[in-house]
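In case you want the letters, here they are:
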Amino acid sequence: MTEIAYLSATDIAARIRDRRLGCVEVLEHLLDRVERHNPGLNAIVVLDVERARARAEAADAALARGDVWGPLHGVPMTFKESYDMEGLPTTWGLPEFADRRARQDSTVVRRMRAAGAVPFGKTNVPVLLADWQSYNPVYGSTNNPWDVTRTPGGSSGGSAAALAAGLTGLEAGSDIGASIRNPAHYCGVYGHKPTYGIVPMRGHALPGVLSAADISVVGPLARSAADLEVALDAMAGADGLDADCWRLEMPEDARSDPREFRVAVMLTDRNCAQDDTLTSKLQDTVDALARLGVTVSDTARPDFDTTESHRLYIQLLRAATSARLGDADLEQQRRIAAEAAPEDHGYVPMVARAVTQGHRDWLRAHERRTHLREAWAAFFGEWDLLLCPTAASTAFPHQQEGLRHERTIPINGRPEPTVDQLFWAGLSSVVYLPSTVVPVGAARDGLPCGLQIIAGHGRDKTALAFARMMEMQYGGFVAPSGYS
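Residues numbered from 1 in each chain as written. Predicted model: local features only at pLDDT ≥ 70, side-chain atom pairs only at ≥ 80, totals over all residues. Heavy atoms only, no water.

Caption draft 1: Geometry of the environment of Val-286. Secondary-structure assignment places Val-286 in helix H9 (residues 276–292). Val-286 sits in the buried class, given a relative accessible area of 2%. Spatially, the C-alpha atom of Val-286 lies 43 Å from that of Ile-336, the residues being 50 residues apart in sequence. In this structure Val-286 touches Val-265, Leu-267 and Val-296, once residues within four positions along its chain are discounted. (Helix = DSSP H or I, 4+ residues; strand = E, 2+ residues; numbered from the N terminus. Buried < 20%, exposed > 50% of the residue type's maximum accessible area, 1.4 Å probe, protein only. Contact = heavy atoms within 4.5 Å.)

And the structure:
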């Protein structure tokens, strides 16, 4: 029976359609596993059992009539806590929202229901989705299934942990600073950050907020590349006012032969100290891809300076998240910005300048971003993909004291600022590009790691095609021990 828990969502759906599994059967199996394994992980923090059982029963009844709701008919799934689900709390980890109940489903939740999924709960996040750990005063701390003394990542940490432990069939997360990609890497699952704007954000926001934030996206996490594509197809497309005037047509990519792909590889950069254990594993993966026939270049790069790209990302990222600051915090940031030397590009002064910048400064930054986007477009005229790390290391031990930017993680035996890893997050995020993280096995420390696949604007299906090829040729998700 454990096998059911680790099937991909597409496999579960296929077995349900073939009547080899029942919708209620799969749901009850996962609920039993949640009861047994979730207390040690705290990945799923809200359950909606009665409504899920009623929907699973309805899904079985519909199938008996020959009615298939969609490609995910009967597949149980969970959602990141930050998504609105009608009648359930949406707190973003803030105690003041603990009693807040969503009045309606977010667009993504609604669309996943339309695709046939059976939502049954919500997964944990850090406060305001602002950490590569997942802990908050409302729901507590989430552990990594591979080593419960370590973080599962963030901010979609509960999402990735639930998938890795076989507690859910599919997940939906969000990403502005690797919040889908980082947990996928730390927990050994798949994650896809879509091209900016192709998946509606409505219903994934703090109370009263309707506008979508710059850079931020929502997208799927899963145990297979095929699941990512099915989920993305269900989630994506115009919504609300946009639905009256445009339709999304993502270019398809049916390639499956390794020899059909041309990829550039960048496994290190001066902006982020990289753990040799992780780099070695990623290099082994790239070497294996080359032996399979993938055309690989270690020198091809987009034509821009990575340091300038990273500084621009921090400026635009912290501008995008500045609306969450209270008046007192904003005033403190103004003081820091005023006292810092203009040439000081440390993280703290960069953030202070970003959150207090004028609109004219933002417009200039956006113009620089547009030039960066053109440089990336020229690069993708010659190369299909850029392969790179997702983070500086494998999952690090829990560290919840102090401020995030003051914390360090061990890299090759030396303490390095945890926020330096934002370099790999921002490389694609600042220019709105899609990125897929694919599990590539365990590093020498025994912890899972993932390879980040960056594709051209709107070329999500190219990143996913490469992920599918890797899964078929190289292998994919491996379950952690201890969750039978």
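There's plenty left to go through after this.
Caption draft 2: Molecular detail of the packing of aromatic side chains. The tally for this structure, following the rule as stated, stands at ten aromatic pairs. Measuring from ring centre to ring centre gives 6.0 Å for Tyr-186 and Phe-396, while their planes differ by 90°; the resulting arrangement is edge-to-face. In this pair, Tyr-186 sits in helix H7 (residues 181–187) while Phe-396 sits in the loop between strand E11 (385–388) and strand E12 (408–411), placing the two residues 210 residues apart along the sequence. One exposure class covers both Tyr-186 and Phe-396, and it is buried. One aromatic cluster in this structure is built from Phe-304, Trp-376, Phe-379 and Phe-380. Sitting above the plane of the Trp-383 ring, Arg-262 keeps its charged end 4.2 Å from the centroid. (Phe/Tyr/Trp six-rings, centres within 6.5 Å; stacked < 30°, edge-to-face > 60°. Lys NZ or Arg CZ within 6 Å of the ring centre and 35° of its normal.)

Caption draft 3: View of the nonpolar core. Ranked by internal contacts, the top residues of the largest apolar core, which has 95 residues, are Met-112 and Phe-466. Those residues within four positions of Phe-466 in sequence are excluded, and the remaining contacts are Phe-261, Val-263, Leu-289, Val-294, Leu-385, Leu-387 and Ile-453. Within the second largest apolar cluster, 44 residues are counted, among which are Ile-215, Phe-380, Phe-396 and Phe-423. (Core = buried A, V, L, I, M, F, W, Y, C linked by side-chain atoms within 4.5 Å.)

Caption draft 4: Broad picture of the layout of surface pockets. By volume, the largest pocket is sized at about 1100 Å³. Lining the largest pocket are 33 residues; nearest its centre among them are Ala-130, Leu-325, Leu-403, Arg-404 and His-405. Among the secondary structure elements, those contributing two or more residues to the lining of the largest pocket are helix H10 (306–320), helix H11 (327–339) and helix H12 (347–356). Considered class by class, the residues forming the lining of the largest pocket number 18 nonpolar, nine polar and six charged. By volume, the second largest pocket amounts to about 800 Å³. In terms of lining residues, the second largest pocket is bounded by 37 residues, among which Met-201, Leu-210, Ser-211, Ala-212 and Ala-213 are the most central. (1 Å grid on protein atoms, 1.4 Å probe; cavity = no way out; pocket = protein on both sides within 12 Å on 5 of 7 lines; lining within 4 Å. Points joined across faces, edges and corners; volume = space filled by probe spheres on them. Nonpolar A, V, L, I, M, F, W, Y, C, P; charged D, E, K, R; others polar.)

Caption draft 5: Up close: helix H4 (residues 49–64). Its 16 residues place the ends of H4 23 Å apart at the C-alpha level, agreeing with the 22 Å of an ideal helix rising 1.5 Å per residue. In the core, the buried residues of H4 are packed alongside helix H2 (9–17), helix H3 (23–41), helix H5 (107–114) and strand E3 (118–123). (Expected span 1.5 Å × (residues − 1).)

Caption draft 6: Here's a closer look at the pattern of salt bridges. Overall, the coordinates contain 24 salt bridges when judged by the stated rule. One salt bridge connects Asp-48 with Arg-51, and the closest N-O pair in it is separated by 2.8 Å. Asp-48 sits in the buried class, given a relative accessible area of 11%. One salt bridge in this structure joins Asp-175 and Arg-181, with 2.9 Å as the shortest N-O distance. Residues Asp-175 and Arg-181 agree in their burial class; the two are buried. In this structure, a network of salt bridges that share partners links the residues Glu-229, Asp-233, Glu-252, Lys-461 and Arg-468. (Salt bridge = Lys/Arg side-chain N within 4 Å of Asp/Glu carboxyl O.)

Caption draft 7: The sheet that holds strand E14 (residues 435–442), seen in detail. Pairing within the open sheet is mixed, and its eleven strands lie in the order E1-E3-E2-E6-E8-E7-E14-E15-E11-E9-E10. Lying at the two open borders of the sheet, with one neighbouring strand each, are strand E1 (44–47) and strand E10 (295–297). Adjacent strand axes in the sheet meet at a mean angle of 30°, parallel and antiparallel pairs treated alike. The pairing of strand E2 (residues 76–80) with strand E6 (residues 171–175) spans two bridges and is classified as parallel. When the bridges of E6 are listed, Thr-78 appears paired with Glu-171. Where H5 meets the sheet, it contacts E2, E3, E6 and strand E8 (217–222), and its direction lies at approximately 175° from that of E2. (Pairing = 2+ DSSP bridges. Axes fitted to C-alpha atoms, helices over the stretch in contact; angles between N-to-C directions.)

Caption draft 8: Expanded view of unusual backbone geometry. Here the bond from Gly-154 into Ser-155 is cis, since omega is 5°, no more than 30 degrees from zero. Take Ser-155: it is sitting in the loop between strand E5 (140–141) and helix H6 (157–164). Of note in this structure, Trp-92 is not a glycine but carries a positive phi near 55°. The residue Trp-92 is located in the loop between E2 and H5 in this model. By relative accessible area, which is 4% here, Trp-92 ends up buried. Positive phi outside glycine occurs at Leu-128, with the angle close to 55°. Along the polypeptide, Leu-128 turns up in the loop between E3 and strand E4 (135–136).

Caption draft 9: Geometry of the pairing of E14. For E14, the tally of buried residues reaches six of eight residues, placing the bulk of the element in the interior. Examined bridge by bridge, strand E7 (residues 190–193) and E14 share three bridges and lie antiparallel to one another. Bridged to His-192 within E14 is Thr-436. Inspection of the sheet shows E14 paired to strand E15 (residues 448–455) by six bridges, in the antiparallel sense. In the sheet register, Ala-442 faces E15, and the bridge partner there is Pro-448. In sequence, E14 turns back onto E15 through a hairpin of five residues, with Gly-446 there showing a positive phi of about 85°.

Caption draft 10: Layout of the side chain of Thr-285. Considering the arrangement of structural elements, one finds Thr-285 in helix H9. Looking at Thr-285, its side chain comes within polar contact range of the side chain of Tyr-474, at 3.2 Å. For Thr-285, the contacting residues outside a window of four places in its chain are Val-440, Leu-451, Met-470 and Tyr-474. (Polar contact = N/O pair within 3.5 Å; in protein donor to acceptor, adjacent residues only side chain to side chain.)

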